[in-house]
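One-letter residues, chain by chain:
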Amino acid sequence: LKPSAHVAPDLPRLPGSAEEVRRCSRLWPQSQLLLGPLNGIESLRAALAAKPRVLHLATHVYLPAQQQAPVIALGYSPSGEWNVLTGREIVALGP
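Predicted model, so just to flag it, every value in this text is computed and none were measured.

## Considering the overall build of the chain
- Looking only at helices and strands, the chain features three helices and four strands.
- Ordering the α and β elements of the chain from the N terminus gives β-α-α-β-β-β-α.
- The 95 residues of the chain split such that 31% are buried.
- Taking all contacts inside the chain whose residues are at least 6 apart in sequence as the whole, residues at least 24 apart take part in 51%.
- By element, 57% of the accessible surface of the chain is carried by carbon and sulfur atoms, the whole surface being about 6,800 Å².

## As for the nonpolar core
- Residues I41, L44, L48, I72, L74, L85 and L93 constitute the largest nonpolar core, which totals seven residues.
- At the level of elements, α2 (41-49) and β3 (71-76) are the ones that each hand at least two residues to this core.
- No other element matches α2, which puts three residues into this core.
- With six residues, the next largest nonpolar core counts L11, V71, A73 and W82 among its residues.

## Thoughts on the pattern of salt bridges
- One pass over the full model with this rule turns up two salt bridges.
- The residue R23 makes a salt bridge to E19 at a minimum N-O spacing of 3.1 Å. Here the residue R23 and the residue E19 both occupy positions in helix α1 (residues 17-27), the gap between them amounting to four residues, near one helical turn.
- Between E19 and R26 there is a salt bridge; the shortest N-O distance is 3.8 Å.
- Judged by relative accessible area, E19 falls into the partly exposed class, the value being 33%.
- The exposed category is assigned to R26, whose relative accessible area is 57%.
- Members of the salt-bridge network, linked through shared partners, are E19, R23 and R26.

## Points about a nonpolar patch on the surface
- Nonpolar side chains collect at one region of the surface, where L27, W28 and V54 lie side by side and expose about 300 Å² of accessible area between them.
- We classify V54 as partly exposed; its relative accessible area is 41%.

## A closer look at the pairing of strand β4 (residues 82-85)
- Burial of β4 is two-sided: the residues W82 and V84 facing one way and the residues N83 and L85 facing the other way are all buried.
- In this sheet, β4 lies alongside β3 in antiparallel orientation, the contact comprising four bridges. By the bridge assignment, Y76 is partnered in β4 with W82.

What counts, and at which threshold
Residues numbered from 1 in each chain as written. Predicted model: local features only at pLDDT ≥ 70, side-chain atom pairs only at ≥ 80, totals over all residues. Heavy atoms only, no water. Helix = DSSP H or I, 4+ residues; strand = E, 2+ residues; numbered from the N terminus. Buried < 20%, exposed > 50% of the residue type's maximum accessible area, 1.4 Å probe, protein only. Contact = heavy atoms within 4.5 Å. Areas by Shrake-Rupley, 256 points an atom, 1.4 Å probe, with all protein chains shown as cover. Core = buried A, V, L, I, M, F, W, Y, C linked by side-chain atoms within 4.5 Å. Salt bridge = Lys/Arg side-chain N within 4 Å of Asp/Glu carboxyl O. Patch = residues over 30% accessible without salt bridge, like charges linked within 9 Å, V, L, I, M, F, W, Y side chains within 5 Å. Pairing = 2+ DSSP bridges.

Limitation: the analysis is restricted to geometry and does not speak to function.
Next comes the structure, spelled out in structure tokens:
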């Protein structure tokens, strides 16, 4: 499974999101942080394989014009497009 690449609206940076997830991780000593380049589909898949009780995402959710369902924007791909997860892709990650 590869994340879908979409041209997203001009989504602003989320100032403070790194600090937000760091603070949350202090509440769960065994947490795994996926920040910056680690915030991608493969890292997310590996983290989910450990069956975490809590998943905290600091990200954007938006509705692309060509779709009927919202997507989660994980971050920029190397080509400069947003790597996003559709509902179908999220379900495919499995429990």
